[in-house]
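# Structural overview for review
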Amino acid sequence: MADETPKVRSLADKGLCDVYVLMTNAGVSGKQDAHIKSVLMSAGVKHVLIYGATWIEDQIKTNTRLRMLVPRLYGLGDLSQILDERAYAQARAVLESLREDLAKVVITDSYRKAVSALDEHSFVLLIGEPAAGKTTIASMLAMAAADKWKSSVLKLADPAKVVEHWNVDEPSQFFWIDDAFGVTQYESDLAHGWNHSLAQVRAMLHKGAKIVMTSRDYIYKRARQDLKESAFPLLSESQVVIDLHDLSTFEREQILYNHLKLGKQPPSFRAKIEDHLEYVAAHARFIPETARRIADPLFTKGLYLSEYHLGQFVEKREQHLLEVIQSLDASSKAALGLVYMRKDNLESPITLEDSERLALEMLGSTFGDCIAALNALNGSLVTQLQVDDEYVWRFKHPTIGDAYAMTLAFSSDLLGIFLSGSSVENLISQVTCGNVDLEKAVVVPKSLFPAMRARLLEFTASDKYKVQWVSLWGAKRALYQFLANRCSKDFLAFYLERDLDITKRVSKPGLSLSVVAEVELAVRLHDFGLLPEASRKEFVETVSNYAIEGEDMHALGDVGIRSVFTDSEFDRLLETVRTDLLPKLADVRLKVQRSHDPEVSPDEHMQDMLESLRTLRKRFEEDENAAKVIEREVDLANEWIAETEPPEPKVSARTFGTVEPSEKKHGTRSIFDDIADDAT
């Protein structure tokens, strides 16, 4: 304050300083308070207001809106002081794992758009390239909801879990689904799961729940081909699907500043890089993850701090991350391999399977050295989190898993170790047999086809299910989906040499043709000319009978199933549907209505029926008489839903409110002027 006194006296003499306000994050004792006021008033000030650390903390604790506008406050202090005990207990794992990241948060235009979408629609889907900040924004929204509305925050992985955890009597629930359609690669099973759950999701939104989903942009592009947007129109509305690619220059600079100021780099590094930071932030390929890596010495080891080399660091971020992993010692690589083999979910304390222990030895490490390496890498390449009352090791960011997968692709020896050490269930969600143009997947070459086939043939039970018959069903479904979506013609032909009966099994798919894996595999085999004619005919007969009886009309609208038919077979099916099904369509609808379970919402119960009617309407839109019959059944089905649906409960509106734009840069002073000072 010593330097302030002459300035205050000069201003007071001119009548420009009647009131002096001092705000500080330092503690201010009563003695200090009295002394400062005395000095300032002797300089001519009439009123002195002093707000110290205690006052600032009180504002944070009592003002939920302040915390929502400045989410990095969630990264400070004891979070249990902000959230009530119930919400804190439910969100504790999420909060603690994100504490470090929340302290570096910057409010962006994407965050403001997401808030608006949640206020208006109770739903938002955040899409962007890897490391664009999707999870950070979702976590900010989750924390604000837990704080402002005392919402129970549930971070879940798949649609079935969302429906399972929904409590109709608790309208304040907040659901956060990260990587809704796959973490690093598209998983069609998840998209089909959402199709099955969309009616319930709509009901959840109507009754007060709020949902945030994230997805990588290239994964969402694939998912859109399989999602039934007619069942959930919100997915086609631009205001709830927010692309995170665009960051303003000011936002980029703030993000880079926060990460460096609160990161692990010493002042000497920050002093050397200071002159280049505006260039780094302005680079076309800058993303938030770039800032995190620059702030961590592990990623900048050996980096020459010139504009050219920093430009290469930002431009070729994937290649640089790969080089960092390749430069690690054997035990550190093995530790990353173990996390990868467990599909980014390595339970702690770690219990190894015999195949995994052998894989570690082949990677040049031991169990003890691997654990030591995990602890050394904690916070940089991996992180330990508490999930559902147990600790797990995960990659610090999914892009690290992407880079590790690249190291496997470069070495058939490493890939062979991975094939033998990983569980089949994890394996088939991470590799493709041959190149099938699936992003971020590890491609198994022909030389390893025998090893891969051997692993698949031994896969008879899924670890995801405890009931034996469900476990057997799950394994069969997962295998069929892998063969249908992630295998080349060469591998399928090679696999069929040992499992010829599979063509007979897929020729008689069960009902719910839009989701059963047998359909996908039968179509794939037919496309490659690998489905025997007898099996093809049996498949055509099976799906045709479902349509004619009104049990499942998916065959009438699905392009893949249509490709298995000959033209004459499909024309014959259409004519039979016209003459046999349409006259009894009302009976089909009434049968569905009568089977309604009161525990299931009418909207959800009739979803498949309405989807079938839409398929019929599209197929017979040029037949005026048929169109009238179908339209009447659509109207009657909707009338039944409206009459049967219980009255909507009155749910008070829960809105975040307008989030003001970030402060814009004023003047010529650089935000990085004090970057080399010791962080506080």
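Residues numbered from 1 in each chain as written. Predicted model: local features only at pLDDT ≥ 70, side-chain atom pairs only at ≥ 80, totals over all residues. Heavy atoms only, no water.

The helix and strand inventory of the protein stands at 35 helices and 12 strands. Buried positions account for 51% of the 680 residues belonging to the protein. Within the protein, contacts between residues separated by at least 24 positions form 73% of all contacts whose residues are at least 6 apart in sequence. A total accessible area of about 32200 Å² is found for the protein, and carbon and sulfur atoms account for 51% of it. (Helix = DSSP H or I, 4+ residues; strand = E, 2+ residues; numbered from the N terminus. Buried < 20%, exposed > 50% of the residue type's maximum accessible area, 1.4 Å probe, protein only. Contact = heavy atoms within 4.5 Å. Areas by Shrake-Rupley, 256 points an atom, 1.4 Å probe, with all protein chains shown as cover.)

Moving on: the environment of Gly44. In this structure, Gly44 sits in the loop between helix H2 (30-42) and strand S2 (47-51). With 31 residues separating them in the primary sequence, Gly44 and Asp13 have C-alpha atoms 7.1 Å apart. Dropping the residues within four chain positions of it, Gly44 is found in contact with Ala12 and Cys17.

Bringing the pattern of salt bridges into the picture now. Per the counting criterion, the structure on display carries 32 salt bridges. With its nearest N and O atoms 3.7 Å apart, the salt bridge here joins Glu624 to Lys628. Taken together, the residues Glu624 and Lys628, both in helix H35 (residues 624-644) and 4 residues apart, mark about one turn of the helix. For the pair shown, Glu624 and Lys628 are each scored as exposed. Within this structure, Asp109, Arg112, Lys113 and Glu251 form a network of salt bridges that share partners. (Salt bridge = Lys/Arg side-chain N within 4 Å of Asp/Glu carboxyl O.)

Turning our attention to the environment of Asn375. Relative to the elements of secondary structure, Asn375 occurs in helix H20 (residues 367-377). On the basis of relative accessible area, Asn375 is assigned to the partly exposed category, the value being 49%.

Throughout the structure, instances matching the rule amount to 9 aromatic pairs. Centre to centre, the rings of Tyr340 and Tyr404 are 5.6 Å apart; their planes meet at 45 degrees, and the pair counts as tilted. Residue Tyr340 is found in helix H18 (residues 330-341), and its partner Tyr404 is found in helix H21 (residues 398-409); the two are separated by 64 residues along the sequence. This pair shows no difference in class: Tyr340 is buried, exactly as Tyr404 is. Site record: aromatic cluster; members linked through ring pairs are Phe449, Phe491, Phe494 and Tyr495. (Phe/Tyr/Trp six-rings, centres within 6.5 Å; stacked < 30°, edge-to-face > 60°.)

Turning to H21, a few remarks are in order. The first and last C-alpha atoms of H21 sit 17 Å apart over 12 residues, in line with the 16 Å expected at 1.5 Å per residue. Counting buried positions over the 12 residues of H21 gives 9, a clear majority of the element. Within the sequence span of H21, burial applies to Thr399, Ile400, Gly401, Asp402, Ala403, Tyr404, Ala405, Thr407 and Leu408. (Expected span 1.5 Å × (residues − 1).)

As judged from the 4 bridges shared by strand S4 (residues 153-156) and strand S5 (residues 174-177), these two strands associate in the parallel manner. When the bridges of S5 are listed, Lys155 appears paired with Trp176. Viewed along the sheet, the connection from S4 through helix H8 (residues 159-165) into S5 turns out right-handed. (Pairing = 2+ DSSP bridges. Right-handed = clockwise from strand over helix to strand, strands pointing away.)

What follows covers a nonpolar patch on the surface. On the surface, a nonpolar cluster with roughly 440 Å² of combined accessible area is contributed by Val19, Val21, Met23, Leu49 and Trp55. Checked against the element boundaries, Met23 lands in strand S1 (residues 19-23). (Patch = residues over 30% accessible without salt bridge, like charges linked within 9 Å, V, L, I, M, F, W, Y side chains within 5 Å.)

With that out of the way, let us pick up the packing of helix H19 (residues 354-362) against helix H22 (residues 412-421). Contact geometry for H19 and H22: axes closest at 8 Å, N-to-C directions at 165 degrees. Judged on the interaxial angle alone, H22 and H19 are roughly antiparallel. Along this stretch, H19 crosses H22, giving a crossing that reads as left-handed. Counting all contacts with H19, which are made through Ser355, Glu356, Ala359 and Met362, the residues of H22 involved are Ile417, Ser420 and Gly421. (Axes fitted to C-alpha atoms, helices over the stretch in contact; angles between N-to-C directions. Parallel < 35°, antiparallel > 145°, perpendicular 65-115°, else oblique. Left-handed = near helix turned anticlockwise from the far one by under 90°.)

Leu256, Met452, Leu456, Leu483 and Leu616 are the most contacted members of the largest nonpolar core, which totals 126 residues. Excluding residues that lie within four positions of it along the chain, Leu483 makes contacts with Leu456, Phe491, Leu492, Tyr495, Ile502, Leu521 and Arg524. Membership of the second largest hydrophobic core comes to 27 residues, among which are Leu154, Met213, Leu234 and Leu235. (Core = buried A, V, L, I, M, F, W, Y, C linked by side-chain atoms within 4.5 Å.)

Here we take up the confidence of the model for the protein. Counting all residues, the mean pLDDT for the protein is 83, and 88% of those residues have values of 70 or more. For the stretch residues 78-88, pLDDT sits under 50, and the model shows 25 contacts to residues farther than four places along the chain or on other chains. (pLDDT = per-residue confidence, 0-100.)

Bringing the state of the cysteines into the picture now. Enumeration over the complete set of coordinates arrives at 0 disulfides. Free of any disulfide, Cys433 has its nearest cysteine sulfur in Cys487, 4.4 Å distant. (Disulfide = S-S within 2.5 Å.)

Right, let's talk about the side chain of Ser331 for a bit. Mapped onto the elements, Ser331 comes out in helix H18. If we ignore the near neighbours within four places in the chain, the residues touching Ser331 are Ser365, Asp369, Cys370 and Ala373.

In this section: the pairing of strand S3 (residues 123-128). The side chains of a regular strand alternate between both faces of the sheet. Burial of S3 is extensive: 6 of the 6 residues sit out of reach of the surface. Neither face of S3 is left uncovered, since the one carrying Phe123, Leu125 and Ile127 and the one carrying Val124, Leu126 and Gly128 both have all their residues buried.

The next thing to look at is unusual backbone geometry. At the junction of Ser348 and Pro349, the peptide bond is cis and its omega measures out at 5 degrees in the coordinates. By the secondary structure assignment, Pro349 is in the loop between strand S8 (346-348) and H19. Although it is not a glycine, Ser122 adopts a positive phi angle of roughly 65 degrees. Relative to the helices and strands, Ser122 is located in the loop between helix H6 (109-121) and S3. Located in the positive-phi region is Ser512, a residue other than glycine, with phi close to 65 degrees.

Let us look at the side chain of Asn426. By secondary structure assignment, the location of Asn426 is in helix H23 (residues 424-427). Look at Asn426 and you get buried, because its relative accessible area is 16%. Non-local contacts of Asn426, meaning those with residues more than four positions away in its chain, are made with Met341, Arg342 and Lys343.

Burial in helix H28 (residues 517-527) covers these residues: Ala517, Glu518, Val519, Leu521, Ala522, Val523 and Leu525. Next to the buried residues of H28 lie helix H25 (468-485), helix H26 (489-496), helix H27 (502-505), helix H29 (533-548) and helix H30 (559-564).

It is worth spelling out the environment of Glu439 at this point. Among the secondary structure elements, Glu439 is positioned in the loop between strand S11 (431-433) and strand S12 (442-444). For Glu439, a relative accessible area of 31% corresponds to the partly exposed category. Considered as a pair, Glu439 and Tyr186 are 253 residues apart in the sequence and their alpha carbons are 8.1 Å apart. Those residues within four positions of Glu439 in sequence are excluded, and the remaining contacts are Thr184, Gln185, Tyr218 and Arg222. Among the polar contacts listed, one links the side chain of Glu439 to the side chain of Arg222, at a separation of 3.1 Å. (Polar contact = N/O pair within 3.5 Å; in protein donor to acceptor, adjacent residues only side chain to side chain.)

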